[in-house]
Amino acid sequence: MSKNTKSLSRRGFLSGAALAGVAAAGLAACSPSTSGTAENAASNGGESAAAATGEGTLGYDGTGNMPWLGEMPVIDEASVEEEIEADVLVIGLGAAGVPACRAATEAGAKVVAFEASSHLNSVASDMAILGGETQAMWGRGEGYIDRWTIINEHMKECSHHGNYAIMNRWADVSGAALDWFVAASPSLYFVKDDAYEEIPEEGRANYMFPYCYPVPDTYDWTKEEMPCYPTSVGFSSLSTVMNDNLQIAVDAGADVRFDTRGIGLITDDSGAVIGAYGQAKGSEGYIKVNAPAVILATGDYLANEDMMKYFAPECIENQIPILSLDMDADGNYTNVGDGHKMGAWVGGAIEQWHAPIIHHMGGGAGPDGRGVIGNNGYLWLNLRGERFMNEDLPGQQLENQVELQPQRKAYQFFDSSWPEQLAYFPMAHGVACIYREEALPDYTASGLRINVRTKEDIDAAIADGRCLTADTIEDLLAQIEGMDVETAKASIERYNELCNAGQDTDFGKASQRLFALENGPFYAAECGCALTLGNLGGFESDADCHVYNTDRQRIPGLYVCGAPQGGRFNVQYPISLKGLSCGMCMVFGMIAGQNAAALA
């Protein structure tokens, strides 16, 4: 197996945002195509996304027509260059496909795996996990947090469009699944006593750490209206651990084909899936795999503009740029909905409510992805100079509010008292809640930097033009182009009155996060729309990863895990469990592999 792991975490990509020219890539709004042939089915991911114009968005039109789908390719058997007999075929080797491949192989199945890229895809770094021996190292073993508290909060965030059984299975299995997953990586170093402890030199290439550990005395998630639960772990190099998992499968006989895209599923007369066709990069012929179980683990469809226009037209209308790392050897996106198409062509039912991941990290996010002062709930004003929300919101909900403002823009204001104020903000994704006099040393777990700010961080943001500053409110407001200065001054005066009274009677923000703008110098960071990191929505399925058809009956032989698995996220990506998508990919990848192998 090739050990080429060119993949980067999303955090790593942000630090090198010029790579491949995709940091500012958007989705072109063009007319949807309904054509579909074997040739374009193999290459329709090759178009890079261009800037979204907001024109031509469509969504469901009431006819049941899916203009993004195209026709199922018809493969002439004469064009089959290779035919393989297998027990399980895994299509896609990312956070779900890799554990699926390992689990199926360990269960004794003969496994073949296709991956469109030249390497496995590792585009995340965090996992939300409940219980297990690994979590027990940090006092977060079984029973640490009530499972139903977490499940019910997740379902509420998804407007109860999700599948309770899927969430329940994740809660049951995730701890043991993580233990199984990390056992594959003997070089993995565990940060044990304190999340910010020094990582020894021998552990810096591949380490794992807990988030929110220990929990600060000033953060009580049980009293938060929108809590972020201290359940998550991070990896310095998830791709390393994934490669170690995949190596176990390869050593046990798995036939892994990189640079090979899944083209279409094969069914028998009863509608059961009995294999699939693939196509290697540069080949005009096809690979036919006969297998009684096929697992779709092909990622999302963020880079397919027609699918985004259908399932998430608001992202196009709001001109939200995308950030995607799923690419083949030629630099073409691979997360273009291939698995969604293959499953839909054989009758798979795609759920109605999908969830864009657009998590606002605060104003003036730098190349490391950190906002100037995080997405903290300081005072936010729009260009009318008006306060428009209770700012004590997580990043996903902040994004929703910013999109409603003139020019889809707002400004976040704070003053020189920010160092002592940070401790009163929640320890959640994107929030600056720890002040340090000195910068964190290089050996600190990289994912933890998101919660830390130093004076040097703010100074650097000012020097880069990402943060405005002035000694007076008037001078600060004068620097903001398009701002209604008089209305803004009145809004700040009103906000200061509420802060000094200790009660927000205008929007109901929690009193411990009411900080008046009184002590110069004063600061402002521009907050536009954030990047879309993915769009999650997939096949109606169950907790055993079976795919259902439009009559809500199982399609025999077809399994799904990862981004194409429905029932996990709906309406918007939840914020209560950091890294839940990646954690569920790992968990249900393992489950899909085990169940597919059992069928064989």
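As shown above, the structure is provided for reference.
If you're wondering where the values come from, they're calculated on a predicted model, not measured in any experiment.

### Focus: the overall build of the protein chain
In terms of regular secondary structure, the protein chain is built from 16 helices and 23 strands. Its C-alpha radius of gyration of 24 Å places the protein chain within 12% of the 25 Å reference for a compact globule of 600 residues. C-alpha extents for the protein chain along the principal axes are approximately 75 × 50 × 40 Å. Pairs at least 24 apart in sequence give 74% of the contacts found in the protein chain among residues at least 6 apart. For the protein chain, the accessible surface area stands at approximately 22,300 Å², while carbon and sulfur atoms represent 47% of it. Counting 37 positive and 80 negative side-chain charges, the protein chain places the centres of these two groups 2 Å from one another.

### Concerning the environment of D338
As for its placement among the helices and strands, D338 is situated in helix α10 (residues 338-345). By relative accessible area, which is 9% here, D338 ends up buried. Sequence separation between D338 and C561 is 223 residues, and the spatial gap between their C-alpha atoms is 14 Å.

### Digging into the sheet that holds strand β15 (residues 379-382)
Within the open sheet, the 4 strands sit side by side as β15-β16-β20-β19. Their pairing is antiparallel. Looking at the sheet topology across the chains shown, the edges are occupied by β15 and β19 (468-470). On average, each strand axis in the sheet is tilted by 25° relative to the strand beside it, whichever way the strands run. Relative to strand β20 (residues 522-527), strand β16 (residues 410-415) runs antiparallel, the two sharing 6 bridges. Looking at the pairing, F413 lines up with A524 of β20.

### Some words on helix α11 (residues 395-402)
For α11, a buried count of 6 out of 8 residues is recorded, marking the element as mostly surrounded by other parts of the structure. Burial in α11 covers these residues: G395, Q396, Q397, L398, E399 and V402. As for α11, its buried residues are in contact with α5 (147-157), β13 (355-357), β14 (372-375), β15 and β20.

### Here we look at the state of the cysteines
Disulfide: a covalent bond connecting the sulfur atoms of a pair of cysteines. Overall, the coordinates contain 0 disulfides when judged by the stated rule. In this model C158 remains outside any disulfide bridge; the closest cysteine sulfur is found in C585, 14 Å from its own. Judged by relative accessible area, which is 0%, C158 ranks as buried. For the unlinked cysteine C228, the closest cysteine sulfur is that of C212, found at 7.3 Å.

### Let's talk about the sheet that holds strand β1 (residues 80-85)
The 4 strands are arranged β1-β11-β10-β9 in an open sheet whose pairing can be described as mixed. Either end of the sheet is taken by a strand with one partner, and the two such strands are β1 and β9 (260-267). For this sheet, the mean inter-axis angle between neighbouring strands, taken without regard to orientation, is 25°. Note: strand β10 (residues 273-280) against strand β11 (residues 286-290), 4 bridges, orientation antiparallel. Looking across to β11, one finds that A276 is bridged to V289.

### Here's the deal with unusual backbone geometry
Following Y213, the chain continues into P214 via a peptide bond in cis, with omega recorded as -5°. You can see P214 is positioned in the loop between β6 (207-210) and β7 (232-235). Here the bond from G520 into P521 is cis, since omega is 0°, no more than 30 degrees from zero. Note that P521 resides in the loop between α15 (485-501) and β20. Phi at R408 is positive, roughly 50°, even though this residue is not glycine. Inspection of the secondary structure assignment puts R408 in the loop between α11 and β16. Phi at V571 is positive, roughly 70°, even though this residue is not glycine. The topology assignment puts V571 in the loop between β23 (554-560) and α16 (580-599). With a relative accessible area of 33%, V571 lands in the partly exposed category.

Rules of the game
Counting restarts for each chain, with residues numbered from 1 along the sequence as it is written. In view of the model being predicted, local features appear only for residues whose pLDDT reaches at least 70, and side-chain atom pairs are presented and counted only at 80 or more, with totals across whole chains, interfaces and linings using the full set of residues. Note that water and hydrogens are dropped before the side-chain values are worked out from all heavy atoms of the structure. Numbering of helices and strands runs from the N terminus; a helix is a DSSP stretch of H or I covering at least four residues, while a strand is a stretch of E covering at least two. Radius of gyration: over C-alpha atoms. The globule rule applied is 2.2 Å multiplied by the number of residues raised to the 0.38 power. Here, residues are in contact when the closest pair of their heavy atoms is within 4.5 Å. Here the open area of atoms and residues is found with the Shrake-Rupley method and a 1.4 Å probe, where only the protein chains shown may cover a residue. Positive charge is attributed to Lys and Arg, negative charge to Asp and Glu, and no charge count is given to His or to the chain ends. Working definition for charges: the position is that of NZ of Lys, CZ of Arg, CG of Asp or CD of Glu. Between buried and exposed lies partly exposed: a residue is buried under 20% and exposed over 50% of the maximum accessible area for its type, with that area taken using a 1.4 Å probe on protein chains only. At least two DSSP bridges between two strands are required for those strands to pair. Only the stretch in contact is used when a helix axis is fitted, and all axes are lines through C-alpha atoms; the angle between N-to-C directions ranges over 0 to 180 degrees. Note on disulfides: each one is a pair of cysteine sulfur atoms within 2.5 Å.

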